[in-house]
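Chain by chain, the residues run as shown.
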Amino acid sequence: MFLLPIIVPIYVDGERRLVTTEWKRSLELLRDSLPERLLPIVVLAPWLPAASADRAQCLEALDRIADGIELDPAVPVPSRARHYWLGARARWRAIAAERIARATVVQCGLDDLRRPLMFDAQKLAFAASKPTVFVQDTDIVVQMRELAKSRSASARLQTHVYSRAHERGVRWCVERADLSLLKGRGLMRRYGPFARNAKEFHDTNYTSAEIVPLDTVTARTVSLACERPVRLVYCGRLVGRKGVDRSIQLLHAARARGASIELDVIGDGEERSALEALVQRLGLAGRVRFLGNAVYGPGLIRQLSAYDALFFTPTAEDTPRMIFDGYAAGLPLVGSDVDYVVERAHSEGAAIVLPRDDREESIERLV
């Protein structure tokens with residue numbers, strides 16, 4: 001058994017078990033990459049009623065035991081820290097301990113320290129001397145501190161204390177894990193020196209057959225010689241820290257200076273209504289379009305291949321899978337200068353970097 005205790009919820013609808021389409025895709029690729037002796041993959045996670053899923057999520061059913069993947073909804077998602085510590089934690093740890101005893105390998109990460117389901121499972125796996133994989137996919141320390149810059153002094157202090165605790169927790173895990181997978185060079189610099197065995201990774205969740213052929217990219221690039229707009233695309237959740245509002249404002253300013261560019265937004269979320277209102281206020285109707293959710297998979301990669309570049313202007317450090325979805329579709333990246341975007345520019349030479357602290361320069365580079 002390859003045990004995967006994780007905070008990503010399983011959605012329950014009677015006897016049906018559902019997960020988001022991108023998570024199902026990741027599980028299937030993980031299954032296909034593992035030797036048969038490590039199967040099945042058992043996903044141990046908290047659960048939510050399927051009816052509670054928000055509109056930004058596309059769900060797909062997965063049988064409780066299906067093709068080498070088993071979904072194991074252990075406890076209801078604790079809505080508050082006290083619900084976890086005073087109620088769910090004891091049951092979660094008991095279930096996790098029983099599953100860990102039967103596991104061949106255990107893979108965990110470090111999640112919210114206020115409700116540390118994955119961290120608790122990781123500690124149990126260490127105590128049981130099981131082979132362990134530890135995964136960290138975003139530099140939470142940098143992300144939290146960047147998000148806190150505009151907040152009150154007390155909020156910044158709380159962020160500093162929490163981020164220090166998170167950093168110590170990750171160090172503790174990588175020192176003990178048999179394999180630590182750290183996403184990008186920033187995390188390798190922060191935690192690699194403390195790790196027992198650290199490897200850098202990225203979200204390259206594609207088979208070679210799904211990557212668009214060079215002919216598609218060539219034809220699209222040649223078509224730019226015609227008088228048509230440059231077509232930008234964002235694909236992801238519509239939440240504040242993703243900075244889609246900033247993308248719209250930069251696009252508006254660049255168009256005012258003569259740039260022929262348009263933007264399609266694939267995805268949904270809590271910010272959609274506000275973003276649609278912003279588009280109307282700036283007179284960008286027809287130039288910025290909201291396409292709603294798309295099922296994650298090869299069809300999405302083909303859909304992305306019709307565009308010219310990804311457009312991603314987050315307000316703080318972020319490491320979205322979307323960047324490599326774009327690469328699979330043959331798209332370069334136009335993005336804000338968070339560390340991961342700068343790393344992509346240096347590593348692949350396929351990105352235009354927009355400085356967050358210099359709006360004029362960002363507009364000029366976009367033009």
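Our subject in this report is the structure included herewith. (Residues numbered from 1 in each chain as written. Predicted model: local features only at pLDDT ≥ 70, side-chain atom pairs only at ≥ 80, totals over all residues. Heavy atoms only, no water.)

### Examining the overall build of the protein
Point 1. Within the protein, the secondary structure is distributed over 13 helices and 17 strands.
Point 2. The C-alpha atoms of the protein give a radius of gyration of 21 Å, which matches the 21 Å a tight globule of 367 residues would have.
Point 3. In terms of overall dimensions, the protein has C-alpha extents of about 65 × 50 × 40 Å along its principal axes.
Point 4. In the protein, which comprises 367 residues, the proportion classed as buried is 50%.
Point 5. Summed over all atoms, the accessible surface of the protein reaches about 16,900 Å², with 51% contributed by carbon and sulfur.
Point 6. When the 52 positive and 47 negative side-chain charges of the protein are each reduced to one mean point, those points stand 5 Å apart. (Helix = DSSP H or I, 4+ residues; strand = E, 2+ residues; numbered from the N terminus. Rg over C-alpha atoms; globule rule 2.2 N^0.38 Å. Buried < 20%, exposed > 50% of the residue type's maximum accessible area, 1.4 Å probe, protein only. Areas by Shrake-Rupley, 256 points an atom, 1.4 Å probe, with all protein chains shown as cover. Lys, Arg positive; Asp, Glu negative; His and termini not counted. Charge placed at Lys NZ, Arg CZ, Asp CG, Glu CD.)

### Some details on the packing of helix α8 (residues 244-256) against helix α9 (residues 272-281)
Point 1. Put simply, α8 and α9 touch, their axes get as near as 10 Å, and they point 10 degrees apart. Of the possible angle classes, the one that applies to α8 and α9 is roughly parallel. Note on element contacts: α9 touches α8 through Leu275, Leu278 and Val279, opposite Val244, Asp245, Ile248 and Gln249.
Point 2. Among the residues making up the contact of α8 with α9, the classes are represented as five nonpolar, one polar and one charged. (Axes fitted to C-alpha atoms, helices over the stretch in contact; angles between N-to-C directions. Parallel < 35°, antiparallel > 145°, perpendicular 65-115°, else oblique. Contact = heavy atoms within 4.5 Å. Nonpolar A, V, L, I, M, F, W, Y, C, P; charged D, E, K, R; others polar.)

### So, helix α2 (residues 81-102)
Point 1. Ala88 marks the point of greatest bend in α2, at about 65 degrees.
Point 2. Looking at α2, one finds that the buried residues are Tyr84, Ala88, Trp92, Ile95, Ala96, Arg99 and Ile100.
Point 3. Its buried side turned inward, α2 meets β1 (2-5), β4 (41-49), β7 (69-76), β8 (105-109) and α3 (117-127). (Bend = angle between axes of the 7 residues up to and from the residue.)

### So, the sheet that holds strand β13 (residues 261-266)
Point 1. Here we have six strands laid out as an open sheet, ordered β14-β13-β12-β15-β16-β17, and parallel in their pairing. Taken across any chain shown, the strands that pair with only one partner, and hence form the sheet edges, are β14 (288-292) and β17 (351-354). Each strand axis lies, on average, 25 degrees off the axis of its neighbour in the sheet, ignoring direction.
Point 2. Note that strand β16 (residues 333-336) and β17 share four bridges and pair parallel. Note on β17: the bridge partner recorded for Val334 is Ile352.
Point 3. Along the sheet, helix α12 (residues 339-348) makes contact with β15 (309-312), β16 and β17, crossing β17 at roughly 145 degrees. (Pairing = 2+ DSSP bridges.)

### Quick look at the packing of aromatic side chains
Point 1. Applying the stated criterion across every chain yields a total of four aromatic pairs.
Point 2. Centroid distance Tyr84 to Trp85: 5.7 Å. Interplanar angle 80 degrees. Geometry classified as edge-to-face.
Point 3. A relative accessible area of 0% places Tyr84 in the buried class.
Point 4. In textbook terms, an aromatic cluster arises when at least three aromatic residues are bridged by ring pairs, as seen for Phe119, Phe126 and Trp172.
Point 5. The side chain of Lys123 reaches across the aromatic face of Phe119, ending 4.7 Å from its centre.
Point 6. If you follow Arg321 out to its NZ or CZ, it ends over the ring of Tyr296, 4.0 Å from the centre. (Phe/Tyr/Trp six-rings, centres within 6.5 Å; stacked < 30°, edge-to-face > 60°. Lys NZ or Arg CZ within 6 Å of the ring centre and 35° of its normal.)

### Quick notes on the side chain of Lys130
Point 1. Among the structural elements, Lys130 can be located in the loop between α3 and β9 (132-136).
Point 2. Although Lys130 is buried, it makes no salt bridge; Glu98 carries the closest opposite charge, 11 Å away.
Point 3. From its side chain, Lys130 meets the backbone oxygen of Ala101 in a polar contact 3.2 Å long.
Point 4. The contacts of Lys130, once residues within four sequence positions are left out, are Ile100, Ala101, Ala103, Val106, Ala125 and Asp178. (Salt bridge = Lys/Arg side-chain N within 4 Å of Asp/Glu carboxyl O. Polar contact = N/O pair within 3.5 Å; in protein donor to acceptor, adjacent residues only side chain to side chain.)

### Digging into the side chain of Glu262
Point 1. Positionally, Glu262 belongs in strand β13.
Point 2. You can call Glu262 buried: its relative accessible area is 10%.
Point 3. One polar contact links Glu262 to Arg289, side chain to side chain, over a distance of 3.0 Å.
Point 4. In this view, Glu262 contacts Pro229, Val230, Arg231, Leu232, Leu251, Arg255, Gly286, Arg287 and Arg289; residues no more than four positions away in its chain are not counted.

### Quick notes on the pattern of salt bridges
Point 1. Applying the stated rule across the entire model yields 33 salt bridges.
Point 2. Put simply, Glu60 and Lys24 hold a salt bridge, and the shortest N to O gap is 3.3 Å. In this pair, Glu60 sits in strand β5 (residues 59-61) while Lys24 sits in helix α1 (residues 21-33), placing the two residues 36 residues apart along the sequence.
Point 3. You can call Glu60 partly exposed: its relative accessible area is 27%.
Point 4. By relative accessible area, which is 15% here, Lys24 ends up buried.
Point 5. For Asp318, the salt bridge goes to Arg241, with nearest N and O atoms at 3.1 Å.

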